[in-house]
Amino acid sequence: MSNLEAAPDELVCGSDEAHAGIELLLPRNVPLGGPRAMDVRRTLPQKQRSLIGAWCFLDHYGPDPVGESGGMKVPRHPHTGLQTVSWLFTGEIEHRDSAGFHAMVRPGEVNLMTAGRGISHSEFSTPETTTLHGAQLWVALPDSARHMPPTFAHYRPEPLVGDGWYVSVFLGELSVANDSGADQHSESPVATHTELLGAEIRLEPGTSIRLALKAHHEHGVLLDSGALSVGADELPVDHLAYLPPGSQELTLTAGEKPVRALLIGGEPLNEQILMWWNFVGRTHDEVVEYRRQWQAEIGAESGDASTKRFGEFPAGEPAALPAPVLPSVRLRPRD
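Each chain carries its own residue numbering, running from 1 in the written order of its sequence. In view of the model being predicted, local features appear only for residues whose pLDDT reaches at least 70, and side-chain atom pairs are presented and counted only at 80 or more, with totals across whole chains, interfaces and linings using the full set of residues. Only hydrogens and water are set aside when side-chain values are computed; all heavy atoms of the structure are taken into account.

Visitor: Looking at this structure, how should I read the sheet that holds strand E9 (residues 102–105)?
Guide: Two strands in a sheet stick together by hydrogen bonds in their backbones, pointing the same way (parallel) or opposite ways (antiparallel). With antiparallel pairing, the 4 strands of this open sheet are ordered in space as E6-E11-E8-E9. Edge positions in the sheet fall to strand E6 (73–79) and E9, since each of these pairs with one other strand and no more. Between one strand and the next, the sheet's axes are offset by a mean angle of 20°, whatever the strand orientation. Between any two strands, at least two bridges found by DSSP are needed for them to pair. Only runs of H or I of at least four residues qualify as helices and only runs of E of at least two qualify as strands under DSSP, and these elements are numbered from the N terminus. Lines are fitted to the C-alpha atoms to define the axes, a helix being fitted only along its stretch in contact, and any angle between axes, read from their N-to-C directions, falls within 0 to 180 degrees.

Visitor: Hey, could you run me through the nonpolar core in this one?
Guide: When a protein is soluble and globular, its nonpolar side chains tend to lie buried together. Grouped together as the largest cluster of nonpolar side chains are 39 residues, with contacts concentrated most on Leu44, Trp55, Cys56 and Val85. Of all the secondary structure elements, the ones that give two or more residues to this core are strand E5 (55–65), strand E7 (82–90), strand E10 (110–114), strand E12 (131–140), strand E13 (151–155), strand E15 (165–171), strand E23 (240–243) and strand E25 (259–266). Broken down by element, this core gets its largest block of residues, 5 residues, from E12. With residues up to four places along the chain from it excluded, the contact list for cysteine 56 reads Leu44, Pro45, Ser50, Leu51, Trp138, Val139, Ala140, Ile273 and Met275. Only buried residues count toward a nonpolar core, which is a set of Ala, Val, Leu, Ile, Met, Phe, Trp, Tyr and Cys residues joined through side-chain atoms within 4.5 Å. Think of it in three bands: with a 1.4 Å probe and only protein chains considered, a residue is buried below 20% of the maximum accessible area for its type, exposed above 50%, and partly exposed in between. Throughout, a residue-residue contact means that at least one pair of heavy atoms, one from each residue, lies within 4.5 Å.

Visitor: What is the right way to read the packing of aromatic side chains from this model?
Guide: The geometry of two aromatic rings is summed up by the distance between their centres and the angle between their planes. A pair of Phe, Tyr and Trp rings is counted when the ring centres sit within 6.5 Å of each other, with Trp represented by its six-membered ring. The angle between the planes then sorts it: under 30 degrees is stacked, over 60 is edge-to-face, the rest tilted. Summed over all chains, the structure comprises 9 aromatic pairs. Taking 3.9 Å as the distance between ring centres and 15° as the angle between the ring planes, the aromatic pair formed by phenylalanine 57 and tryptophan 138 counts as stacked. One end of the pair, phenylalanine 57, is in strand E5; the other, tryptophan 138, is in strand E12, and 81 residues separate them in sequence. Like phenylalanine 57, the residue tryptophan 138 is buried in the burial classification. Considering the side-chain rings of phenylalanine 101 and phenylalanine 152, the 5.5 Å spacing of their centres and the 25° angle between planes classify their relative orientation as stacked. Separated by 51 residues along the polypeptide, phenylalanine 101 in the loop between strand E8 (93–97) and E9 and phenylalanine 152 in strand E13 bring together distant segments of the chain. Classification of phenylalanine 101 as partly exposed rests on a relative accessible area of 29%.

Visitor: Looking at this structure, I do not really get the pairing of strand E3 (residues 28–31). What am I missing?
Guide: On a regular strand, one side chain projects to one face of the sheet and the next to the other, so that they alternate. Only one face of E3 is buried, namely the one carrying Arg28 and Val30, since none of Asn29 and Pro31 on the opposite face is buried. Of the pairings in the sheet, the one linking E3 to strand E4 (residues 39–44) comprises 4 bridges and is antiparallel in character. Note that in E4 the partner of proline 31 across the bridge is aspartate 39.

Structural measurements only, silent on function.
Shown next, in the form of structure tokens:
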């Protein structure tokens, strides 16, 4: 997914609210483009918190009536230095990229695209889709991997299921604690370049679940629907609860409504990143060069396009998205 904000260096968001055991990150609405734009609710990045582990971007959208909004129509656009993670609850999206990968994004299946040194891709909801609902996340690649060749992975996890609960682990590993001692465990085979966790969790009303966490990881819980308590704190719908490193266990409890939530986490990246539009880099000059190369490759601005960082794309596709104008001040890295 592309960040279609006209001024992507500016982050306008609500204040974090301090709860007893969590830090609450409020969503902000961002139109995905076009006169009938599909709105997304963005909880990462924020001025108060840019990263959870290496997770650096979280857009949550839907249920979106495609007949009214037009659905997802994101033409070819570039990425550097990150991995995109697509996770759907409802609907279907067609993915195509300049590394030659063509795949469908479907509910319960994760698509992970590694941009590495540079890639371009497009995303369109399919004609059969009437309702679109899911999340798009980005992972910042560590310095050791951010210049790697682009690649792609697809995985459909086998869910863990218990009495009133369902857990689907699409990245990393997670255990569901059982009082009898017979914990259930799931581990994704999808390769990442830092320790990461990504899982969908569903709870029936009144159900409580205990999750075994890695104490050196930080975590986030995004509530998609229902009534949910994270430990002793109630989490509002569409909000993201941040949990710092140090916890070895997390209890989630559903209220009177069934719950669907996403759990993300990972080891702190401990690197400063510079994130502007669809690029993750390290310095202002680096991002300026990424933008220059993209604009030259798509013919939006003059310049040398002989070395195509963002690759070739199939003919007959809609026109590529040009990059926004850079701000008049130097971009500053985040950590």
